[in-house]
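# Descriptive analysis of the structure
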Amino acid sequence: MRKLKHLGILCFLFIGGTLMAQNGSTMVGGAEMYPSKNIVENASQSKDHTTLVAAVKAAGLVETLQGDGPFTVFAPTNAAFEKLPSGTVETLLKPENKAKLQAVLTYHVIAGNFSANDVVAAIKEADGKATFETVSGAKLYAIMEDGKVKLKDASGNVATVTIANVNQSNGVIHVIDTVVLPGK
């Protein structure tokens with residue numbers, strides 16, 4: 001029997017809907033997300049998160065999300081932002097709406113490093129509906145439905161975690177399919 005050598009070839013595993021490389025990185029938006037890089041460095045490489053990255057820059061949150069953390073970020077995709085009413089993103093990106101944009105973005109962030117297992121455990125411990133305080137100070141709710149973690153905002157909008165446990169040097173990203181919004 002011949003031994004095969006891996007000469008510069010990355011081996012990928014498909015685990016729970018997430019493409020993972022042998023080196024511990026995860027594929028998101030066509031790019032590898034490296035656990036050795038921070039949240040902003042990785043998100044900037046994802047073609048599915050260009051709107052989020054532009055919003056983070058416009059809100060002046062780049063330095064914060066490059067900080068030590070740890071942070072748990074529920075990262076909406078471009079398609080999630082496209083679900084918002086027409087003109088919403090453009091309006092939020094205007095300099096005069098910076099505070100509003102910061103409130104929306106920090107509503108997607110929890111202080112601490114919460115893996116998918118941690119979120120699921122919190123849901124079970126809270127009898128099916130876990131409450132998390134976001135960095136914005138508002139509450140975000142997590143539930144399990146059809147075997148998937150879903151986030152519910154104060155207005156009843158629901159986002160599904162589509163890619164979990166994208167580990168970062170300063171926390172973890174969970175990709176979501178809908179923008180959640182803080183209450184008024």
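Residues numbered from 1 in each chain as written. Predicted model: local features only at pLDDT ≥ 70, side-chain atom pairs only at ≥ 80, totals over all residues. Heavy atoms only, no water.

A few words now on the packing of aromatic side chains. Using the criterion set out here, one finds one aromatic pair in the structure. Taken together, a centroid distance of 5.5 Å and an interplanar angle of 75° make the contact between Phe114 and Phe132 edge-to-face. Here Phe114, found in the loop between strand E6 (109-111) and helix H7 (116-125), pairs with Phe132, found in strand E7 (residues 129-133); they are 18 residues apart in sequence, far enough to count as distant. One cation-aromatic arrangement involves Lys129 over Tyr141; the distance from NZ or CZ to the ring centre is 4.6 Å. (Phe/Tyr/Trp six-rings, centres within 6.5 Å; stacked < 30°, edge-to-face > 60°. Helix = DSSP H or I, 4+ residues; strand = E, 2+ residues; numbered from the N terminus. Lys NZ or Arg CZ within 6 Å of the ring centre and 35° of its normal.)

Within the element layout of this structure, Thr134 appears in the loop between E7 and strand E8 (139-145). On the accessibility criterion, Thr134 (4% relative accessible area) is buried. Excluding anything up to four places from it in sequence, Thr134 contacts Thr106, Tyr107, Val109 and Leu140. (Buried < 20%, exposed > 50% of the residue type's maximum accessible area, 1.4 Å probe, protein only. Contact = heavy atoms within 4.5 Å.)

To continue, consider the environment of Lys98. In this structure, Lys98 sits in helix H6 (residues 98-106). Given a relative accessible area of 39%, Lys98 falls into the partly exposed group. Expressed as a C-alpha distance, the spacing of Lys98 and Ala59, which sit 39 residues apart in the sequence, is 5.4 Å. Setting aside anything within four residues of it in sequence, one finds Lys98 in contact with Ala58, Ala59 and Gly60.

For the structure shown, the criterion picks out two cavities of 30 Å³ or more. Lining the largest cavity, in full, are Val28, Met33, Ala43, Ser46, His49, Leu52, Ala75, Ile173 and Val175. For the lining of the largest cavity, a count of residues per class yields seven nonpolar, two polar and no charged. Of the volumes computed, that of the second largest cavity is approximately 30 Å³. Thr51, Ala55, Phe81, Val89, Leu92, Leu93 and Leu101 together form the lining of the second largest cavity. The residue inventory of the lining of the second largest cavity, partitioned by class, reads six nonpolar, one polar and no charged. (1 Å grid on protein atoms, 1.4 Å probe; cavity = no way out; pocket = protein on both sides within 12 Å on 5 of 7 lines; lining within 4 Å. Points joined across faces, edges and corners; volume = space filled by probe spheres on them. Nonpolar A, V, L, I, M, F, W, Y, C, P; charged D, E, K, R; others polar.)

Backbone geometry follows two general trends: most residues other than glycine have a negative phi, and most peptide bonds adopt the trans configuration. The residue after Gly69, namely Pro70, is reached through a cis peptide bond having omega 5°. The residue Asp146 is not glycine, and still its phi comes out positive at about 55°. With respect to the secondary-structure elements, Asp146 resides in the loop between E8 and strand E9 (148-152). One non-glycine residue with positive phi stands out, namely Asn165, at about 60°. Of note, Asn165 is situated in strand E10 (residues 158-168).

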